[in-house]
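Spelled out, the chains give:
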Amino acid sequence: MKGKTVLITGANTGIGYETAKDLLQRDARVIMACRNLNRGQQASNQLVSETGCNENNIRLMECDLCSLDSVRAFAKLYNEEEERLDVLICNAGLSWASPMVTTDGFNSIIQANYLGHFLLTYLLLDKLRKYRRSRVINVSSKLHNKIKSINWLDVFTQSRTLPWFGAYPSSKLFQILSTVKLRQQLYGNEGIDVFTLTPGWVSTSLSNPTPQAIGWFGFIFCYPLVRFLKFFMAKTPKTGASTVIFCAVEPSLEQSEDLYFQNCKAVKPSSLAINQLSADRLWKLSRTAVELQ
Ligand SMILES: NC(=O)c1ccc[n+]([C@@H]2O[C@H](COP(=O)([O-])OP(=O)(O)OC[C@H]3O[C@@H](n4cnc5c(N)ncnc54)[C@H](OP(=O)(O)O)[C@@H]3O)[C@@H](O)[C@H]2O)c1
């Protein structure tokens, strides 16, 4: 990865942090896009001390995926100041949010996980084209298969669902559908490979709910059980990052037809996640939502 630049959203913790660490150890330049610069700076310092990397190989930039203005400002700065983009890893994720509606008027989980990344990817396409072959990797989840149909009237607001029953799995489904469509849009001579994946169940702060999100009953009686199971059954963040790293660096994936990965192997997502009509409709609605012409 020497000489290559990798952009990772949400790289200050969990799977994103472990991915950044591995890629720095492979001599890549890593750009960390974080919503909180204090947390990002702490992580960046820790990455430098843990990997012994050259400080010029790591850059922290502010990007709040829950704000379209922030994503646009980030992309503008990136396009002006960074020479190249070889791998874009859309990793940042939100499962519980307060407030639930963003200033742009969308469900926070849908905007952080899907719409923000959708806009970011679009705004960075020229940079990705510049030094091809390049890659886009969307970190989705197996939970996408919980969604059996899409409520198109409530698609980005999800006002009728609870995070873990609708908004979160929907956002992960949308990431796969948009991966399908982006591949088709780029088909031909663009030289950009696009993949999506599930890291599996990983012990990070992602599934730590707040009492406000699940109610005090759930927080006191159900959440300890989840923590207990997580302790014994979930992957470590380092193991959880392995499929992300595989999709970022594996040479045999160049021009691969494989779409969705789990445990470093191509597997099939749900049939809805590759439904062409849904991919087309979501793409159109997403462009309108983020105000692309
Ligand atoms: N953990 C699992 O079991 C699991 C399973 C399947 C898929 N995944 C996926 O794996 C990815 C990484 O998750 P993780 O488990 O590593 O979770 P994590 O440790 O909670 O990390 C999530 C990262 O996303 C960032 N983030 C959240 N909202 C953001 C926003 N609006 N703008 C910018 N950054 C934002 C967080 O920043 P802050 O630190 O500032 O909050 C954090 O850096 C996610 O896409 C998740 O859906 C995880």
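What you see is a predicted model; the values in this text were computed from it and never measured.

*Asks:* Please clarify how a nonpolar patch on the surface should be interpreted in this entry.
*Replies:* A surface patch of nonpolar side chains, amounting to about 880 Å² of accessible area, comprises Trp201, Leu225, Val226, Phe228, Leu229, Phe231, Phe232 and Met233. Considering the arrangement of structural elements, one finds Met233 in helix 7 (residues 211-233). When its relative accessible area of 58% is taken as the criterion, Met233 is described as exposed.

*Asks:* Looking at this structure, how should I read the packing of helix 3 (residues 68-81) against helix 4 (residues 108-123)?
*Replies:* Between helix 3 and helix 4, the shortest axis-to-axis distance is 10 Å and the interhelical angle comes to 35°. Where helix 3 crosses over helix 4, the handedness of that crossing is right-handed. Across from Leu68, Val71, Arg72, Phe74, Ala75 and Asn79 in helix 3, the residues of helix 4 making contact are Gln111, Gly116, Leu119, Leu120 and Leu123. Grouping the constituent residues of the contact of helix 3 with helix 4 by class yields seven nonpolar, three polar and one charged.

*Asks:* Would you mind going over helix 1 (residues 14-25) with me for this structure?
*Replies:* Turn by turn, an α-helix covers 3.6 residues, leaving residues three or four places apart pointing in a common direction. Here helix 1 spans 17 Å end to end across 12 residues, near enough to the 16 Å set by a 1.5 Å rise per residue. Of all 12 residues that make up helix 1, 10 are buried, and the element is covered over most of its length. Taken residue by residue, helix 1 has Gly14, Ile15, Gly16, Tyr17, Glu18, Thr19, Ala20, Asp22, Leu23 and Leu24 as its buried positions. One or two residues past the end of helix 1 sits Asp27, with phi positive at roughly 75°.

*Asks:* Explain the nonpolar core here, please?
*Replies:* Side chains that are nonpolar tend, in soluble globular proteins, to be buried together. Counting 50 residues, the largest nonpolar core has Leu7, Leu88, Phe156 and Phe174 as its most contacted members. Listed by contribution, the elements that provide at least two residues to this core are strand 2 (29-34), helix 3, strand 4 (87-90), helix 4, helix 5 (125-130), helix 6 (163-186), strand 6 (192-198) and helix 10 (276-289). No other element matches helix 6, which puts seven residues into this core. Apart from the residues within four sequence positions on either side, Phe174 is in contact with Ile110, Tyr114, Ile150, Val155, Phe156, Gln158 and Leu282. Ala43, Ile58, Leu197 and Ile245 belong to the second-largest nonpolar core, a separate cluster that totals 32 residues.

*Asks:* I would appreciate a short explanation of the pattern of salt bridges in the present structure.
*Replies:* When their charged atoms lie close together, side chains carrying opposite charge are able to pair. The final tally for this structure, using the stated rule, is 11 salt bridges. Of the charged contacts in the structure, one is a salt bridge between Arg59 and Glu81, with a shortest N-O distance of 2.5 Å. Remark: Glu81 occurs in helix 3 and Arg59 occurs in strand 3 (residues 58-62); sequence separation between them is 22 residues. Take Glu81: its relative accessible area is 45%, and that puts it in the partly exposed class. With a closest N to O distance of 3.5 Å, Glu83 and Lys130 form a salt bridge. Of this pair, Glu83 sits in the loop between helix 3 and strand 4 while Lys130 sits in helix 5; the two residues are 47 residues apart in sequence, bridging distant segments of the chain. Residue classification places Glu83 among the partly exposed residues on the basis of a relative accessible area of 44%. Because the salt bridges share partners, they merge into one network encompassing Arg29, Arg59, Glu81 and Glu82.

Here is what the cut-offs are and how they apply
- Residues numbered from 1 in each chain as written.
- Predicted model: local features only at pLDDT ≥ 70, side-chain atom pairs only at ≥ 80, totals over all residues.
- Heavy atoms only, no water.
- Patch = residues over 30% accessible without salt bridge, like charges linked within 9 Å, V, L, I, M, F, W, Y side chains within 5 Å.
- Areas by Shrake-Rupley, 256 points an atom, 1.4 Å probe, with all protein chains shown as cover.
- Salt bridge = Lys/Arg side-chain N within 4 Å of Asp/Glu carboxyl O.
- Helix = DSSP H or I, 4+ residues; strand = E, 2+ residues; numbered from the N terminus.
- Buried < 20%, exposed > 50% of the residue type's maximum accessible area, 1.4 Å probe, protein only.
- Axes fitted to C-alpha atoms, helices over the stretch in contact; angles between N-to-C directions.
- Left-handed = near helix turned anticlockwise from the far one by under 90°.
- Contact = heavy atoms within 4.5 Å.
- Nonpolar A, V, L, I, M, F, W, Y, C, P; charged D, E, K, R; others polar.
- Expected span 1.5 Å × (residues − 1).
- Core = buried A, V, L, I, M, F, W, Y, C linked by side-chain atoms within 4.5 Å.

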